Each structure stands twice: as C-alpha cells, then as structure tokens.
Amino acid sequence: MSINEIYASEAPATDLAARRPSPSRIIAAEGISKSFGDTKVLKDIVLAVDRKDVVCVIGPSGSGKTTLLRCLALLETPSAGRVTMEGQVIGDG
C-alpha cells in the first residue's frame, strides 16, 4: 500500500502518511467527511495524489465514490476536513 492510496481510518489525519508535504503533490484531501442528514457518507478520508500518479476510486454502489469526487471538485462542501490543490487550500469543511 502506498501513500497515494485512500485511507479511511479511525486514526487522526495527522498520523497518516498522506499528510507528508510533497513538492509534486497536485491534490490532497485531509480528514474529509460528508453527511447528508443523519447519513454519514464519508468519514475521515485522506487522499494524496502526486504528479504522474494514476488513481482509481473503486468500491460498491453507495460507498461514497462520487461524493468524494464531488468534494474534491468543490461541487459538494465537505462537512469536515479540507482539500488542497498544489499547496493552496481550496475547500474547508
């Protein structure tokens, strides 16, 4: 498992390898959570994508893949966490 994979963990985002700064980091999600009413769709997602990385988001129907991508594209506002692009905070939940 590399640092460029998605980690859904109970550990705080500060403890995860994806938090390490990288000059080639294109986009990062730190502790992203999203709820719709009482339904938690995403819980503390950490994602780091460096230049030239190829990332696939896979999972069963209803697991939050599209919601994660919508949060990264700022089409949805995360309930918690932040999204950075090339070191600049672009979304803060």
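See the structure above.
Residues numbered from 1 in each chain as written. Predicted model: local features only at pLDDT ≥ 70, side-chain atom pairs only at ≥ 80, totals over all residues. Heavy atoms only, no water.

A. Molecular detail of the pattern of salt bridges. Within the structure shown, the criterion is met by 5 salt bridges. For the salt bridge of Arg 82 with Glu 30, the shortest nitrogen-to-oxygen distance reads 2.9 Å. Pair noted here: Arg 82 is in strand E4 (residues 80-85) and Glu 30 is in strand E2 (residues 25-36), with a separation of 52 residues, a long-range link. Overall, Arg 82 belongs to the partly exposed group, its relative accessible area being 31%. According to the relative accessible area criterion, Glu 30 is buried, its value standing at 14%. Beyond isolated ion pairs, a larger network of salt bridges with shared partners links Lys 34, Arg 70 and Glu 76. (Salt bridge = Lys/Arg side-chain N within 4 Å of Asp/Glu carboxyl O. Helix = DSSP H or I, 4+ residues; strand = E, 2+ residues; numbered from the N terminus. Buried < 20%, exposed > 50% of the residue type's maximum accessible area, 1.4 Å probe, protein only.)

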